[in-house]
Amino acid sequence: MSDFEDQAMRKMAAHLSESYSSLATICLNLPVPVTLPTGTVSNLEVVPAIRRVMDIVEDQPMPELQQATLLAICAFWLGAMDIYSLLVREEFHTARAHSAAANILMAEDHLQDLAVWLADNQK
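Counting restarts for each chain, with residues numbered from 1 along the sequence as it is written. With pLDDT at 70 or above as the cut-off, local features in this predicted model cover only qualifying residues; side-chain atom pairs require 80 or more to be listed or tallied, and sums for whole chains, interfaces and linings still use all residues. Here the side-chain values reflect all heavy atoms present in the structure, with hydrogen atoms and water set aside.

This part is about the packing of helix 3 (residues 64-89) against helix 4 (residues 94-121). Between helix 3 and helix 4, whose axes approach to 8 Å, the crossing angle comes to 155 degrees. With respect to each other, helix 3 and helix 4 are oriented roughly antiparallel. Judged by the sense of rotation from one axis to the other, the crossing of helix 3 with helix 4 is left-handed. Each residue gets one label: Ala, Val, Leu, Ile, Met, Phe, Trp, Tyr, Cys and Pro are nonpolar, Asp, Glu, Lys and Arg are charged, and the others, such as Gly, are polar. Taken together, the residues of the contact of helix 3 with helix 4 sort by class into 18 nonpolar, six polar and one charged. Working convention: axes come from line fits to C-alpha atoms, limited for helices to the stretch in contact. Angles between N-to-C directions cover 0 to 180 degrees. Strands here are runs of E lasting at least two residues and helices are runs of H or I lasting at least four, both read from the DSSP assignment and numbered beginning at the N terminus. Note on terminology: angles under 35 degrees are roughly parallel, angles over 145 are roughly antiparallel, angles of 65 to 115 are roughly perpendicular, and the others are oblique. By definition, any crossing whose near helix is turned counterclockwise from its far helix by less than a right angle is left-handed, and any crossing with a clockwise turn is right-handed.

In structure tokens form, the structure reads like this:
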């Protein structure tokens, strides 16, 4: 890989990690708290955990919009992880890297929305 590609992959991995940490924090603050693996974890642990969150979204006592937001966060994050995995296994392609970045940005945007809602409703 070129220096640009290596740097892009490092940044993407860092953003995936940061957004996962934010999701783990959000999940602890849900009306029915959900604990995700934290610390030094691998995708073999976090991917199934996020899929489980998606399976139980409807069990959270929140309005449908916030349930949909949580589902979207998980879906965008998993999409970014899938694309990142393709970048690791296959030939690096800028369009694919942009797709992963877009998914991460969407997950982070929705994380912010849900964090605001949770903060407003924990008063």
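What follows covers the nonpolar core. By nonpolar core is meant a set of buried Ala, Val, Leu, Ile, Met, Phe, Trp, Tyr and Cys residues that side-chain atoms within 4.5 Å join together. Only protein chains enter the calculation, and the probe is 1.4 Å; a residue is then buried if its accessible area is under 20% of its type maximum, exposed if over 50%, and partly exposed in between. By size, the foremost hydrophobic cluster in this structure holds 38 residues, and its most contacted members are L23, L30, L36, V53, L70, W77 and L114. Breaking this core down by element, the ones donating at least two residues are helix 1 (3-28), helix 2 (43-56), helix 3 and helix 4. Here this core takes 10 residues from helix 3, the largest share from any one element. Note on definitions: a residue-residue contact is assigned when non-hydrogen atoms from the two residues lie within 4.5 Å. Once residues lying within four places of it in the same chain are set aside, the contact partners of L23 are L36, I50, L70, I73, C74 and L111.

The next thing to look at is the confidence of the model for the protein. Of the residues in the protein, 98% have a pLDDT of 70 or more, and the chain-wide mean is 93. For the protein, helix 1 is the element with the lowest average pLDDT, namely 93, and helix 3 is the one with the highest, namely 96. Values of pLDDT, the confidence the predictor places in each residue, fall between 0 and 100.

Turning to the packing of aromatic side chains, a few remarks are in order. A pair of Phe, Tyr and Trp rings is counted when the ring centres sit within 6.5 Å of each other, with Trp represented by its six-membered ring. The angle between the planes then sorts it: under 30 degrees is stacked, over 60 is edge-to-face, the rest tilted. The tally for this structure, following the rule as stated, stands at two aromatic pairs. The interplanar angle of 90 degrees and the centroid separation of 6.4 Å between the aromatic rings of F4 and F92 together place this pair among those described as edge-to-face. Here F4 is found in helix 1, whereas its partner F92 is found in the loop between helix 3 and helix 4, with 88 residues between them in sequence. Consider the rings of Y20 and W77, whose centres lie 5.8 Å apart with planes at 50 degrees: the pair is tilted.

With that settled, consider helix 4. The end-to-end C-alpha separation of helix 4 is 41 Å, in line with the 40 Å expected for 28 residues at 1.5 Å each. Every buried residue of helix 4 is listed here: A97, A100, N103, I104, A107, H110, L111, L114, W117 and L118. The inward-facing, buried residues of helix 4 contact helix 1 and helix 3. A helix is expected to reach a length of 1.5 Å times the quantity of its residues less one.

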